[in-house]
Amino acid sequence: MFLVVTAVVATLAIVYSIASSIATYRKLAHIPGPKWAAWTDFWLVRHCFSGRISLKLQEVNSQYGDLARVGPNWVVCGDPGEMRRIWAARSNYKRAYWYRGLRMDLNRDSTFSTLDEKVHSSLRSRMLPGYGGKDVDGLHEAIDDRVAAFVKLLEDKYLSGNPTESGLSYRTVDFARKVQFFTLDVISMLAFGDAFGCLEADEDVSRYIEVTELMLPYTSTLAVLPWLVDLLQSPFLHLWLPNVQNMVGYGKVMSLAKKAVSARYGEKPVVKRDMLGSFVKHGLSRDEAEGEALTQILAGSDTTATAIRATLLYITSNPKVYARLQREIDEGVRAGRISSPISDAEARRFPYLQAVIREGLRMWPPATGLLPKVSMTDDVICGIRVPAGTSVAWSAWSILRSKAVFGEDASQFRPERWLDAPPEQLRVMEQTAMLGFAGGSRYECLGKSVAMIELNKVFVELLRRFDIVLVDPTQPWKYHNVIIFVQSDMHVRITRREEAVKA
Ligand code: HEM
């Protein structure tokens, strides 16, 4: 009897599972895409884990069109106008369950992981003045301080001699790693009022980079499987999984956050005009402020590091761009239009520098996660009906290399396009490129202005002093795309410029 019941239950389960797979398949059967992706999430899982998902999604859009199916309940969109509409303030869309998978602290959500639009928008509005620098004294000075420490590290330990000099050794440096020390120091200084000190120590002092590189390939892959996210975040497994507070790397960040936050609350709270002070002023609870600390570090370090690395890679591999940018910097220094260090306001007045930064962000968007949204009602995207509840991912590579927006040579690094484009095209190009920061008041990157200040300063301060060449242009770096990028082995040779112009 027991065997009969078991067989009946098993048969019913199999029939149910086949029927629901067929029903799910039929829901999006009219949307083209890779064959297996229509039946199983493992197509997406495989490509997320491969570290090349951004390229794969671009390939899918070129083969199947701007809207393609990449999972039983997933589509990817490569059309800039449609993504702007979907991410816009008053659209019907909200975050898909994928974001829950980005919970680092299993006990609470952050701006990054919350699915509740009301909680999200309330957190954003309370943090906006802090991130935007409105309530913060010394934001620019803090970044200047870290730029100076970055330059010092390179000067003290990693300069090679010019061929004409004798006695100076040939040295190479993994720029990918050092630049991350810079961005981690900047964001920790802004978040906690004290830099981690990676640049002074010339190492990953909190072991944050080590742990992030280990964790993100799994986090970014598992996030596409809601049932696994639920399982891993279930109260039962909480007991078995490592708590972020005690984890190597993140634990140190959390304890620094706790220390910084506890000084601002309690009986005699310290009041400061810095980012944390602004969060407190605008009503972030103690718990929320602690929760956001890790988000700040995660969101603000690898992304900006990728923007700097990629832009420098494109500069060093395009001699004309390199020469023109260095000429603009030198002329600016000679004319007294560049202080030491350059200010953000000054940098904005250098058109070629701005064009290079925009082009770098466009060619290698640092945050390429799927960032899926779902609509509660049926929608039409790129002329195709998309049923309610479908996860709509974006394809950063397709959008930021759109020929319709950026021209036939969209996949080439050519900063001049930002100087030559007629006003109407320039407007669309700018709107599209800014999608790299997610665009729109609902989801746009909160740290965009901090990132832009860093970018405005770092290239000028490096290129006014140094000549930088790739050690092996045939293997410029290693990278793995995991929502953001894990990059390493970008070996460069740095020499002091003989004709460096002094301010
Ligand atoms: C070039 C550098 C950067 C790029 C390209 C970038 C890109 C992005 C993108 C695409 C998102 C939206 C993710 C989503 O859909 O949820 C985002 C969110 C966010 N970014 Fe950035 N980011 C950069 C630098 C920074 C920096 C330096 C900080 C911190 C100072 C920061 C803090 C944040 C935060 C807190 C969010 C979450 C916003 C929210 O949930 O509403 N980012 N960023």
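Conventions we followed
- Residues numbered from 1 in each chain as written.
- Predicted model: local features only at pLDDT ≥ 70, side-chain atom pairs only at ≥ 80, totals over all residues.
- Heavy atoms only, no water.
- Helix = DSSP H or I, 4+ residues; strand = E, 2+ residues; numbered from the N terminus.
- Rg over C-alpha atoms; globule rule 2.2 N^0.38 Å.
- Buried < 20%, exposed > 50% of the residue type's maximum accessible area, 1.4 Å probe, protein only.
- Contact = heavy atoms within 4.5 Å.
- Areas by Shrake-Rupley, 256 points an atom, 1.4 Å probe, with all protein chains shown as cover.
- Donors = N, O, S within 2.8 Å, 3.2 Å for Na, K, Ca; no water.
- Near = heavy atom within 4 Å.
- Polar contact = N/O pair within 3.5 Å; in protein donor to acceptor, adjacent residues only side chain to side chain.
- Nonpolar A, V, L, I, M, F, W, Y, C, P; charged D, E, K, R; others polar.
- Core = buried A, V, L, I, M, F, W, Y, C linked by side-chain atoms within 4.5 Å.
- Salt bridge = Lys/Arg side-chain N within 4 Å of Asp/Glu carboxyl O.
- Axes fitted to C-alpha atoms, helices over the stretch in contact; angles between N-to-C directions.
- Parallel < 35°, antiparallel > 145°, perpendicular 65-115°, else oblique.
- Phe/Tyr/Trp six-rings, centres within 6.5 Å; stacked < 30°, edge-to-face > 60°.
- Expected span 1.5 Å × (residues − 1).

J.: What is the right way to look at the overall build of the protein in this model?
T.: Check the secondary structure of the protein and you find 23 helices and 13 strands. In terms of overall size, the protein behaves like a compact globule, its C-alpha atoms giving a radius of gyration of 24 Å where 503 residues would be expected to give roughly 23 Å. Dimensions of the protein along its principal axes, counting C-alpha atoms only, are 90 × 60 × 45 Å. Relative to its 503 residues, the protein shows a buried fraction of 55%. Here the contacts in the protein between residues at least 6 apart in sequence split such that 75% fall between residues at least 24 apart. Carbon and sulfur atoms make up 58% of the accessible area of the protein, which totals about 22200 Å².

J.: Explain the coordination of the iron atom of the ligand here, please?
T.: Here the protein supplies the iron atom of the ligand with just one donor, Cys 445 (SG), and that contact is 2.3 Å long. Here Cys 445 shows up in the loop between helix 22 (440-443) and helix 23 (448-463).

J.: Can you walk me through the site of the ligand in this structure?
T.: Surrounding the ligand, one finds 26 residues, the nearest of these being Arg 95, Tyr 99, His 120, Arg 124 and Cys 445. In this structure, Arg 124 approaches the ligand through a side-chain N or O atom, which is 2.6 Å from an oxygen atom. One of the backbone N or O atoms of Ala 299 is found 3.4 Å from a nitrogen atom in the ligand. Broken down by element, the residue count for the shell around the ligand peaks at 5 residues, all from helix 14 (residues 286-316). Its residues assigned to classes, the shell around the ligand shows 16 nonpolar, 7 polar and 3 charged.

J.: Explain the nonpolar core to me, please; I cannot follow it from the model alone.
T.: Soluble globular proteins: nonpolar side chains tend toward being buried together. Among the nonpolar cores identified, the biggest contains 141 residues, and Trp 98 and Leu 370 are the most heavily contacted of them. With 13 residues, the single largest contributor to this core is helix 14. Apart from the residues within four sequence positions on either side, Trp 98 is in contact with Trp 74, Ser 220, Ala 223, Val 224, Gly 369, Leu 370, Leu 371, Pro 372 and Ile 483. By size, the runner-up hydrophobic cluster in this structure holds 8 residues, among which are Ala 355, Ala 410, Trp 418 and Met 429.

J.: Just checking my understanding: could you explain the pattern of salt bridges for this structure?
T.: Proximity of charged atoms lets side chains of opposite charge pair with each other. Taken as a whole and judged by the stated rule, the model has 37 salt bridges. Between Asp 109 and Arg 100 there is a salt bridge, with its nearest N and O atoms 3.9 Å apart. Here Arg 264 makes a salt bridge to Asp 274, at a shortest N to O gap of 2.7 Å. Residue Arg 264 is located in helix 12 (residues 250-264), and its partner Asp 274 is located in the loop between helix 12 and helix 13 (275-281); the two are separated by 10 residues in the primary sequence. Neither Arg 264 nor Asp 274 differs from the other in exposure class; each is buried. The network of salt bridges with shared partners includes Glu 359, Arg 362, Asp 409, Arg 414, Arg 417 and Asp 420.

J.: Quick question: what am I supposed to make of the packing of helix 14 against helix 17 (residues 351-363) here?
T.: The description of two helices packed together rests on the angle between their axes and the distance between the axes. The geometry of helix 14 relative to helix 17 is characterised by a closest axis approach of 9 Å and an angle of 110° between their N-to-C directions. Our classification of the angle between helix 14 and helix 17 gives roughly perpendicular. Where helix 14 approaches helix 17, its residues Ala 307, Thr 311, Tyr 314 and Ile 315 are matched on the opposing element by Val 356, Gly 360, Leu 361 and Met 363. Of the residues assigned to the contact of helix 14 with helix 17, the class counts are 6 nonpolar, 2 polar and no charged.

J.: Looking at this model, I keep getting lost on the packing of aromatic side chains. Mind explaining?
T.: Two descriptors summarise a pair of aromatic rings, namely the distance from one centre to the other and the angle between the planes of the rings. Here the structure, examined in full by the defined rule, presents 17 aromatic pairs. For the pair Trp 98 and Tyr 99, a centre-to-centre distance of 5.0 Å together with 85° between the ring planes defines the contact as edge-to-face. Relative to Phe 413, the ring of Tyr 314 has its centre 4.9 Å away and its plane inclined at 10°; by these criteria the two rings are stacked. With Tyr 314 in helix 14 and Phe 413 in the loop between helix 19 (403-406) and helix 20 (417-420), the pair connects residues that are 99 residues apart, well separated along the chain. As far as burial versus exposure is concerned, Tyr 314 and Phe 413 are alike and both buried.

J.: Even after reading the chapter, I still don't get the side chain of Ser 188, so can you show me in this structure?
T.: As for its placement among the helices and strands, Ser 188 is situated in helix 7 (residues 175-192). A polar contact of 2.7 Å, which involves the side chain of Ser 188, links it to the backbone oxygen of Leu 184. A polar atom in the side chain of Ser 188 sits 2.9 Å from the backbone nitrogen of Phe 196. If we skip the residues at most four places from it in the chain, Ser 188 touches Gly 193, Asp 194, Ala 195, Phe 196 and Ile 297.

J.: Any chance you could explain helix 14 here in plain terms?
T.: Taking 1.5 Å of rise per residue, 31 residues should cover 45 Å, and helix 14 covers 45 Å from first to last C-alpha, within 8% of that figure. Along helix 14, 27 of the 31 residues are buried, which leaves the element largely enclosed by surrounding structure.

J.: I keep staring at helix 17 and nothing clicks. Help me out?
T.: For an α-helix, 3.6 residues make a turn, and residues three or four places apart therefore share a direction. Over its 13 residues, helix 17 extends 18 Å from the first C-alpha to the last, a length consistent with the 18 Å expected when each residue adds 1.5 Å. Judged by how many residues are buried, helix 17 sits mostly within the fold: 11 of 13 residues are covered. For helix 17, every residue scored as buried is listed here: Tyr 352, Leu 353, Gln 354, Ala 355, Val 356, Ile 357, Glu 359, Gly 360, Leu 361, Arg 362 and Met 363.

J.: Whenever I open this one, the side chain of Arg 464 confuses me. Can you help?
T.: Within the secondary structure, Arg 464 is located in the loop between helix 23 and strand 10 (466-470). Its relative accessible area of 4% is what places Arg 464 among the buried residues. Among the polar contacts listed, one links the side chain of Arg 464 to the backbone oxygen of Ser 339, at a separation of 3.0 Å. A distance of 3.0 Å separates a polar atom in the side chain of Arg 464 from a polar atom in the side chain of Glu 461.

Read these as layout, nothing more, since geometry by itself doesn't imply function.
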